[in-house]
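# Tertiary structure, described
Here is how the chains run, residue by residue.
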Amino acid sequence: MAVDGAVVRRSNRVSLLKLFRENRIFQGLALISPADLYLFVFMILPLVLVVGLSFLSRGTYGEVEFQFNPTNYVRLFDPIYGRILVYSLGVGFGTTIFSILIGYPLAYNIARSPARQRSLLLFLILVPFWTNFIIRVYAWIMILRAGGFLDGLLQWMAITSQPLGLLYTPTAVMIGMVYEFLPFMILPLYTSLEKIENSLLEAAADLGAPPWRVFLRVTLPLSVPGMIAGTILVFIPAMGMFVIPDLMGGAKTVLIGNVIRNQFLTARDWPFGAAASMILMLMTLVLTMYYTRKAGFSEELLV
Amino acid sequence: MSGEYAVELRDVVKKFITPEGNELAAVNHVTMQINHGEFFSMLGSSGCGKTTSLRLIAGFEWPTEGEVYIGGKLMGHTPPFQRPVNTVFQSYALFQHLTVFQNVAFGLEMEGVSTEDIKKRVGRALEMVQLTGMDKRHPKQLSGGQQQRVALARALVKTPQVLLLDEPLGALDLKLRKEMQLELKALQKQVGITFIYVTHDQEEALTMSDRIAVMSFGKVMQLGPSVEIYERPTNRFVADFIGESNFLEGKVKSLQGDRAIVAVPAWNTELIGLPTGKVRAGDDVIISVRPEKIRLGDKQEQPQNCIDGVVVNSTYIGSDTHVYVEVRGRKLKIWEQNRVSSLDQSAYHRNGAQVWLTLLPENTLVLPSD
């Protein structure tokens, strides 16, 4: 028996090698195996774990019970979570739109400044990253809190006489979010604006376009790829953000990111947290896919 | 047509600050008048100020000194989008995010032409440059030559008073370039618009232009009809830059009518020549003779302007034979056309052969030495 088994295994191995030798698909898979392995360990495996987890049950003491339970997803349709989801979407959109509005003129001016100054200006955009994120958020708390720097400045300039009470409001959350994500909008926008050749702007002017029409007809459309990239880089992480709403919004502003964090750390309901993560992921995936399809009409021609 | 000239540059200076902080006059006191309906070329090597001159007319640059007039109107600081000229760029500068049709329609849209008329005029423009049926393509889907035509149609569709072309054929291969040269020339005749053409290719300029301005270091070295530029250069730079020339130093002994008698110390003789620039008796001068204008013979044909030498090198190049003759220590190049077919190498001037060179007075140009 033992001998037989060895023979069988041996012949199996031979046929497996033969498969790699003769089958083009297997050859291809073998050649990209380092990438396969990477993707498997760092993406597919964790994703499968989360998906699996989202269908299990919470035990009495917050442990995970291996019992199939689809109600985690049903619970998410509770109006409370629905409202949080919609609110998160709103904050995500708001952060993206304000990042574009503030980031575009900045990126445009950097791209149009003399080559020597450009690297310095880009460097300045990146400088805040040298400081820990939490510390930067606390800096904003110092600025925005009642009687903080902003109130002090405004009162000193005699613009206001009362504290604004900005901290722990949705406005504070929005300020913090835009501040945090702005560089992720500026950098891709800069890249696509910097690529626009001066001769294109001259050609448009030469054909009779005053500066504002040059901007609308040439500069803006040609910077769309950068805007798409920036939007993806800002919108996706903004949707899952929980630190800024926690620290700057007090307990009043709850985003889907906070819900997920609370389920894992406070409520110790891992399966429900996993289900919420899945919903967030699906939503961002669908939205970004729709957006890139819609807005990316000219992208393949520009790249 | 308004104004005496289509375009006029009056004593224009354009200074730039170099990255090192020095002041550089890219255009240095340039004056030129370009006639209505003319094919005018600015010719020179890179950095001679030809492109800057064109950009001054287009309005991308404003003169430091002097004035630019278009159709008799002083341009001053008029921005490009308000000038009655259009440009074909060296890089074509087509809008990659727009189709061929939208590219050509761009300028008309800016004028506020109705959609109906835009369709008609763009259609006609595309027909003119033989791109009918390409209107839905994007520039990236076209060949270099086709992109060049789109750029041309885009500028011409606006029927400008003057069309400015900045080395538009530079990126094309030789054969296509020659075709496009003739096509452009024909197109210019057909539409009757003034063309101002910038090029560093002398053959291109000679082929296409009614008149040429040869430029160097921001100055106009000579301005005149193509024939005049080649046949009667007024200074050594132009004689050297356009085509090829043999040069000799001399001193004017006397002037007789439109001829000058010049002593040539290197040859210990006198030559009769044709002064093309301002030359007076006693002036040091440069004598310039084109290689194809020297006659080779085996005996002295005339008492004057005839000198003997030895063939030191002769190269058969098919249509011509390039013969190098040493005359009293000076080497001269002579292009001889091979008018008679022969397989005998010796028929094409053997090395070491004694020859007589005849330099007719009208081919012997007397230029002021600079």
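Residues numbered from 1 in each chain as written. Chains lettered and ligands numbered in written order. Predicted model: local features only at pLDDT ≥ 70, side-chain atom pairs only at ≥ 80, totals over all residues. Heavy atoms only, no water.

## Section: the overall build of chain A
As a reminder, the rule being used: Runs of E in the DSSP output that reach at least two residues are strands. Runs of H or I that reach at least four are helices, and both are numbered from the N terminus. Only protein chains enter the accessibility calculation, which uses a 1.4 Å probe; a residue whose area is less than 20% of its type maximum is buried, one above 50% is exposed, and one in between is partly exposed. The contact criterion used throughout is that any non-hydrogen atoms of two residues lie within 4.5 Å. Per-residue and other accessible areas follow the Shrake-Rupley method at a 1.4 Å probe size, with only the shown protein chains counted as cover for residues. Under this rule, positive means Lys or Arg and negative means Asp or Glu; His and the chain ends count for nothing. Charged groups are reduced to one reference atom each: NZ for lysine, CZ for arginine, CG for aspartic acid, CD for glutamic acid.
From N to C terminus, chain A includes 16 helices and two strands. Projected onto the principal axes, the alpha-carbon positions of chain A cover approximately 95 × 60 × 35 Å. Within chain A, buried positions represent 39% of all 303 residues. Considering only residue pairs separated by 6 or more positions, chain A has 67% of its internal contacts joining residues 24 or more positions apart. When the accessible area of chain A is evaluated, it comes to approximately 17,900 Å², of which 72% is carbon and sulfur surface. The positive charge centre, built from 22 side chains, and the negative charge centre, built from 16, are 2 Å apart in chain A.

## Structural notes on the confidence of the model for chain B
What counts, and what does not: Confidence scores per residue from the predictor, reported as pLDDT, run from 0 to 100.
Per-residue confidence for chain B gives a mean pLDDT of 92; residues scoring 70 or more make up 99%. Confidence estimates for the predicted assembly give a pTM of 0.82 and an ipTM of 0.86.

## With respect to the sheet that holds strand E3 (residues 39-43) of chain B
All names here are of chain B. The condition that has to hold: Any two strands with at least two DSSP bridges between them are considered paired. For every element, the axis is a line fit to its C-alpha atoms; helices are fit only across the contacting stretch, and the angle between N-to-C directions ranges from 0 to 180 degrees.
On the basis of which strands lie adjacent, the open sheet formed by six strands has the order E6-E7-E8-E3-E9-E10 and mixed pairing. Only two strands of the sheet have a single neighbouring strand rather than two, namely strand E6 (85-88) and strand E10 (219-225). Between one strand axis and the next, the sheet turns by 15 degrees as a mean value, whatever way the strands run. Most of the contacts of helix H5 (residues 174-191) go to strand E8 (residues 194-199), to which it runs at about 160 degrees, and overall it touches E3, strand E7 (162-166) and E8.

## Considering the nonpolar core
Under the convention used in this document: The criterion is simple. A nonpolar core is a set of buried Ala, Val, Leu, Ile, Met, Phe, Trp, Tyr and Cys residues joined through side-chain atoms within 4.5 Å.
The biggest cluster of nonpolar side chains holds 73 residues, and the ones touching the most others in it are Met177(A), Met42(B), Phe95(B), Phe106(B) and Ile196(B). Broken down by element, this core gets its largest block of residues, ten residues, from helix H9 (residues 170-194) of chain A. Grouped together as the second largest cluster of nonpolar side chains are 35 residues, Phe39(B), Ala125(B), Leu131(B) and Leu156(B) included.

## Concerning the interface of chain B and chain A
The test is simple: As a working definition, buried area equals the accessible area (1.4 Å probe) given up by two parts on being put together, with both sides summed. Each salt bridge in this description consists of a side-chain nitrogen of Lys or Arg and a carboxyl oxygen of Asp or Glu lying within 4 Å of one another.
Counting from both sides, the interface comprises 25 residues of chain B and, opposite them, 22 residues of chain A. Contact between chain B and chain A buries roughly 2,200 Å² in total, counting both sides, with carbon and sulfur atoms accounting for 60%. Three residues, Phe81(B), His97(B) and Met110(B), lead the burial of chain B against chain A; their summed loss comes to 32% of the area buried on that side. On the surface where chain B and chain A come into contact, there are two salt bridges. Among the salt bridges present, the one from Glu109(B) reaches Arg217(A), with a minimum N-O distance of 2.5 Å.

## Notes on the side chain of Thr231(A)
Considering the arrangement of structural elements, one finds Thr231(A) in helix H12 (residues 224-240). Not counting chain neighbours up to four residues away, the residues in contact with Thr231(A) comprise Thr96(A), Ile100(A), Met185(A), Ile236(A) and Tyr291(A).

## So, the packing of helix H5 (residues 79-112) of chain A against H9(A)
Residue and element names in this part refer to chain A. For the record, the criterion: With respect to orientation, any angle under 35 degrees is reported as roughly parallel, any angle over 145 as roughly antiparallel, any angle of 65 to 115 as roughly perpendicular, and every other angle as oblique. Working rule for handedness: look at the near helix, and if it is turned counterclockwise from the far one by less than a right angle, call the crossing left-handed; if clockwise, right-handed. Note that Gly is not counted as nonpolar here; it falls among the polar residues with everything else outside the nonpolar set of Ala, Val, Leu, Ile, Met, Phe, Trp, Tyr, Cys and Pro and the charged set of Asp, Glu, Lys and Arg.
At a minimum axis distance of 6 Å, the contact between H5 and H9 shows a crossing angle of 45 degrees. With respect to each other, H5 and H9 are oriented oblique. By crossing handedness, the relation of H5 to H9 is classed as right-handed. Residue classes in the contact of H5 with H9 are distributed as 22 nonpolar, five polar and two charged.

## Details of the packing of aromatic side chains
Convention followed: Note on aromatic pairs: the rings of Phe, Tyr and Trp (six-membered ring only in Trp) are paired at centre separations within 6.5 Å, and the planes decide the class, stacked below 30 degrees, edge-to-face beyond 60, tilted for the rest.
Scanning the entire structure with this criterion turns up 18 aromatic pairs over all chains. Ring centres of Phe129(A) and Phe184(A) lie 5.6 Å apart, and the angle between their planes is 70 degrees; this geometry places the pair in the edge-to-face category. With a gap of 55 residues between them, Phe129(A) in the loop between helix H6 (115-126) and helix H7 (133-144) and Phe184(A) in helix H9 connect regions that are remote in the sequence. Judged by relative accessible area, Phe129(A) falls into the partly exposed class, the value being 34%. Residue classification places Phe184(A) among the partly exposed residues on the basis of a relative accessible area of 30%. On the numbers, 6.4 Å between centres and 70 degrees between planes, the contact of Tyr324(B) with Trp335(B) is edge-to-face. Highlighted residues: Tyr324(B) in strand E17 (residues 320-327) and Trp335(B) in strand E18 (residues 330-337), separated in sequence by eleven residues.

## A few points about the environment of Ile175(A)
All names here are of chain A. As for its position among the elements, isoleucine 175 is in helix H9. Accessibility expressed as a relative area gives 26% for isoleucine 175, which makes it partly exposed. In this structure the C-alpha to C-alpha distance between isoleucine 175 and phenylalanine 40, which are 135 residues apart in sequence, comes to 38 Å. With sequence-adjacent residues up to four places away left out, isoleucine 175 is seen in contact with Trp140 and Leu144.

## Section: the packing of helix H10 (residues 198-206) of chain A against helix H11 (residues 211-222) of chain A
Residues and elements named next belong to chain A. Relative to each other, H10 and H11 sit at 155 degrees, their axes nearing to 10 Å. The orientation of H10 relative to H11 falls into the category roughly antiparallel. The handedness of the crossing between H10 and H11 is right-handed. Here H10 contributes Leu200, Leu201, Ala204 and Ala205 to the contact with H11, which in turn contributes Val214, Val218, Thr219 and Leu222. Taken together, the residues of the contact of H10 with H11 break down into seven nonpolar, one polar and no charged.

## Regarding unusual backbone geometry
Look at Tyr168(A): it is not a glycine, yet its phi comes out positive at around 65 degrees. For Tyr168(A), the position within the fold is in the loop between helix H8 (149-156) and H9. Since its relative accessible area comes to 37%, Tyr168(A) is described here as partly exposed. Its identity is not glycine, yet Phe217(B) carries a phi of approximately 50 degrees, on the positive side. Mapped onto the elements, Phe217(B) comes out in the loop between strand E9 (211-216) and E10.

## Some remarks on the sheet that holds strand E20 (residues 365-368) of chain B
Taken together, five strands build a closed barrel; the order of strands is E11-E12-E13-E20-E14 (chain B) and the barrel is mixed. With direction set aside, neighbouring strand axes in the sheet form an average angle of 55 degrees.

## Describing the side chain of Ser41(B)
All names here are of chain B. Our working definition: Here a polar contact is recorded for every N or O atom pair within 3.5 Å, except that within protein the pair must consist of a potential hydrogen donor and a potential acceptor, and residues adjacent in sequence are included only if both atoms are side-chain atoms.
By the secondary structure assignment, serine 41 is in strand E3. You can call serine 41 buried: its relative accessible area is 1%. A distance of 2.6 Å separates polar atoms of two side chains, one belonging to serine 41 and the other to serine 209. Setting aside anything within four residues of it in sequence, one finds serine 41 in contact with Tyr197, Ala205, Ser209, Arg211, Ile212 and Ala213.

## Section: the pattern of salt bridges
Applying the stated criterion across every chain, the model contains 29 salt bridges over all chains. The residue Lys251(B) makes a salt bridge to Asp284(B) at a minimum N-O spacing of 3.5 Å. With Lys251(B) in strand E11 (residues 246-256) and Asp284(B) in strand E14 (residues 284-289), the pair connects residues that are 33 residues apart, well separated along the chain. You can call Lys251(B) partly exposed: its relative accessible area is 42%. When salt bridges that share partners are traced, they join Glu202(A), Arg55(B) and Glu61(B) into one network.

## Some details on the confidence of the model for chain A
Residue and element names in this part refer to chain A. Of all residues in chain A, 92% have pLDDT values of 70 or greater, and the mean over the chain is 86. Per-element mean pLDDT across chain A ranges from 44 in helix H16 (residues 299-302) up to 96 in H10. Contacts from residues 298-303, a stretch scored under 50 in pLDDT, to residues over four places away or in other chains number eleven contacts.

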